[in-house]
Amino acid sequence: SMGVNFEGEYEWGEMLRAFVLQLSRRVKARFAGASNHQELYQTLALIPIVDFINFGDGNHKPNADWTYVIEDDSIVVRTSRSVMRGEEILFDAGSLEDKPKDNAYLAYQYGITLEGNETPLEQMPNDVCDGLEAEIDELRSEKDKKHPYRVLLTRLTHESCVEVHKRRESERKGLRDQNRERVMVAQ
């Protein structure tokens, strides 16, 4: 048996980053069972090479799919059309699921959100939304604005807190306008 040593100190940020990264690389897959090769079972898996392929969205159309070939226990990736040299290969996240899923589910399962996802998120209570919006404001002040956690939290909050987000954006715009006026008066 292989021994694993988890001793040592770990920073929460590093753990969160590793968790989010593995979310965005795993896929729901059906593989042959160990005892019965004709029976498929479903699991989440990290599949080398395939895990480098990203998901398409409203702005970037998917152009590939993958299948498990039970006869030779292999994964085959096929493009749905001709692709140009250097063009990114993109999967359709929807094809991994039996029915369309909202962005909260996709974020949890795969670490992604799809721009233009037509499956709406349930709206959260205003007090929860206010807290999430405050968290986003705090994260905006930090230097790494493209951190995967920040991107996911922001998209999901905006989508599940539509009214609160509109109100807070209006408040932010008002503050920017006031600051602009103060600068103009000072000049």
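Calculation rules
Residues numbered from 1 in each chain as written. Predicted model: local features only at pLDDT ≥ 70, side-chain atom pairs only at ≥ 80, totals over all residues. Heavy atoms only, no water. Helix = DSSP H or I, 4+ residues; strand = E, 2+ residues; numbered from the N terminus. Buried < 20%, exposed > 50% of the residue type's maximum accessible area, 1.4 Å probe, protein only. Contact = heavy atoms within 4.5 Å. Areas by Shrake-Rupley, 256 points an atom, 1.4 Å probe, with all protein chains shown as cover. Disulfide = S-S within 2.5 Å. Pairing = 2+ DSSP bridges. Core = buried A, V, L, I, M, F, W, Y, C linked by side-chain atoms within 4.5 Å. Salt bridge = Lys/Arg side-chain N within 4 Å of Asp/Glu carboxyl O. Expected span 1.5 Å × (residues − 1). Patch = residues over 30% accessible without salt bridge, like charges linked within 9 Å, V, L, I, M, F, W, Y side chains within 5 Å.

Caption draft 1: Up close: the overall build of the chain. In terms of helices and strands, the chain carries five helices and six strands. Sequence-ordered secondary structure for the chain, helices as α and strands as β, is α-β-β-β-β-β-β-α-α-α-α. Expressed as a percentage of its 187 residues, the buried residues of the chain come to 29%. A separation of at least 24 residues holds for 56% of the contacts in the chain among residues at least 6 apart in sequence. When the accessible surface of the chain is summed, it comes to about 13,400 Å², and 54% of that surface belongs to carbon and sulfur atoms.

Caption draft 2: Spotlight on the state of the cysteines. For the structure on display, the rule yields one disulfide. A sulfur-sulfur distance of 2.1 Å marks the disulfide that ties Cys129 to Cys161. Its torsion about the S-S bond being -80°, the disulfide of Cys129 and Cys161 is classed as left-handed. Taken together, the residues span a long stretch of sequence, with Cys129 in helix H3 (residues 126-140) and Cys161 in the loop between helix H4 (148-160) and helix H5 (162-186) at a distance of 32 residues. Residue Cys129 shares its accessibility class with Cys161, and that shared class is buried.

Caption draft 3: Inspection of the pairing of strand S1 (residues 27-32) at higher detail. Most of S1 is tucked away: five of the six residues are buried. Alignment of S1 against strand S2 (residues 40-45), held across six bridges, turns out to be antiparallel. Bridging across to S2, Val27 finds its partner in Ala45.

Caption draft 4: Spotlight on the nonpolar core. In terms of nonpolar packing, the biggest core is built from 18 residues, with Ile47, Phe55, Phe91 and Ile112 touching the most fellow members. For this core, the secondary-structure elements that each account for two or more residues are S1, strand S4 (64-69) and helix H2 (103-110). Among the nonpolar cores identified, the runner-up in size contains six residues, and Val20, Ala107, Leu152 and Leu156 belong to it.

Caption draft 5: The pattern of salt bridges, seen in detail. Under the definition given, this model contains seven salt bridges. Residues Asp177 and Lys173 are paired through a salt bridge, measuring 3.1 Å at the closest nitrogen-oxygen approach. Note that Asp177 and Lys173 are positioned in helix H5 at a spacing of four residues, about one turn of the helix. With relative accessibility at 26%, the residue Asp177 sits in the partly exposed group. It is possible to trace a salt-bridge network through shared partners that takes in Asp130, Arg167 and Glu171.

Caption draft 6: Structural detail: H5. Under the 1.5 Å per step criterion, the end-to-end length of H5 is 36 Å for 25 residues, consistent within 8% with the ideal 36 Å. Burial in H5 covers these residues: Val164, His165, Arg168 and Arg172.

Caption draft 7: Structural detail: a nonpolar patch on the surface. A contiguous nonpolar patch, built from Tyr10, Trp12 and Met15 and spanning about 410 Å² of accessible area, is present on the exposed surface. Mapped onto the elements of the fold, Met15 is located in helix H1 (residues 12-23).

Caption draft 8: Main features of the environment of Leu121. Turning to its location among the elements, Leu121 is positioned in the loop between H2 and H3. For the pair Leu121 and Leu156, spaced 35 residues apart in sequence, the C-alpha separation works out to 8.3 Å.

Caption draft 9: How the structure looks around the environment of Val77. Checked against the element boundaries, Val77 lands in strand S5 (residues 74-79). On the basis of relative accessible area, Val77 is assigned to the partly exposed category, the value being 37%. In this structure, the C-alpha to C-alpha distance between Val77 and Ala64, residues 13 residues apart in sequence, is 6.9 Å. Ignoring sequence-local partners within four residues, the contact set of Val77 consists of Val50, Ile53, Ala64, Asp65, Trp66 and Phe91.

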